[in-house]
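Summary of the model geometry
Spelled out, the chains give:
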Amino acid sequence: MFTITDTAADKAKEILEAEGKAGWGLRIFVAGGGCCGPSYGMDLAEESNSDDKVYEHKGLKVFADNDADEKLQGMIMDFVDDGQNQGFVIKAENPGPSAWGPGCGSGSCG
């Protein structure tokens, strides 16, 4: 299951409205990967493609193609703002040793 937090949905809708794109959604795509799993990208999208999985939460639509959808299972999309940095994050629902891909060694990537 892929989960979108209330905070992420509210912030995404706020951004879409500010861009004059109310009713649009977000497209999540796989933008590479390494020993610690995939990296994700995000873009604005007016509508889904025919083969997209569409997730909805609080009126926000999130589109993912088959490859991204497979990798999003067990993940959470959130919006974080720690006072210095802010942005959308996609993280494991239950982080732990199994959340790291093979070859990470210490579990620290970056």
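None of these values were measured; they are calculated from a predicted model.

1. So, the packing of aromatic side chains
- Counted according to the given criterion, the structure contains two aromatic pairs.
- Measuring from ring centre to ring centre gives 5.0 Å for F2 and Y55, while their planes differ by 70°; the resulting arrangement is edge-to-face. Of the two residues, F2 is situated in the segment before strand 1 (3-4) and Y55 in strand 4 (residues 53-57); the sequence distance between them amounts to 53 residues.
- The buried category is assigned to F2, whose relative accessible area is 7%.
- Residue Y55 is classed as buried on the basis of its relative accessible area, which comes to 12%.
- When the centroid spacing of 5.0 Å and the interplanar angle of 70° are considered together, the rings of F79 and F88 count as edge-to-face.
- Accessibility expressed as a relative area gives 26% for F88, which makes it partly exposed.
- Taking NZ or CZ as reference, K53 lies 5.4 Å from the ring centre of Y55, over its face.

2. Details of the sheet that holds strand 2 (residues 25-34)
- The mixed open sheet is built from four strands, whose spatial order is 3-2-5-4. Bordering the open sheet on either side are strand 3 (37-45) and strand 4, each of which pairs with just one other strand. Across this sheet, the average inter-strand angle for adjacent strands is 30°, counted without regard to direction.
- As defined by bridge partners, strand 2 adjoins strand 5 (residues 60-64) across three bridges and the pair is classed as parallel. Bridge pairing links I28 to A64 in strand 5.
- Its contacts with the sheet place helix 1 (residues 6-18) against strand 2, strand 3, strand 4 and strand 5, and it is angled at close to 95° to strand 5.

3. Re the environment of D6
- Among the secondary structure elements, D6 is positioned in helix 1.
- Taking C-alpha positions, D6 is 9.6 Å from M77, a pair spaced 71 residues apart along the chain.
- Other than its neighbours up to four places away in sequence, D6 contacts H57 and K58.

Scoring rules and cut-offs
- Residues numbered from 1 in each chain as written.
- Predicted model: local features only at pLDDT ≥ 70, side-chain atom pairs only at ≥ 80, totals over all residues.
- Heavy atoms only, no water.
- Phe/Tyr/Trp six-rings, centres within 6.5 Å; stacked < 30°, edge-to-face > 60°.
- Helix = DSSP H or I, 4+ residues; strand = E, 2+ residues; numbered from the N terminus.
- Buried < 20%, exposed > 50% of the residue type's maximum accessible area, 1.4 Å probe, protein only.
- Lys NZ or Arg CZ within 6 Å of the ring centre and 35° of its normal.
- Pairing = 2+ DSSP bridges.
- Axes fitted to C-alpha atoms, helices over the stretch in contact; angles between N-to-C directions.
- Contact = heavy atoms within 4.5 Å.

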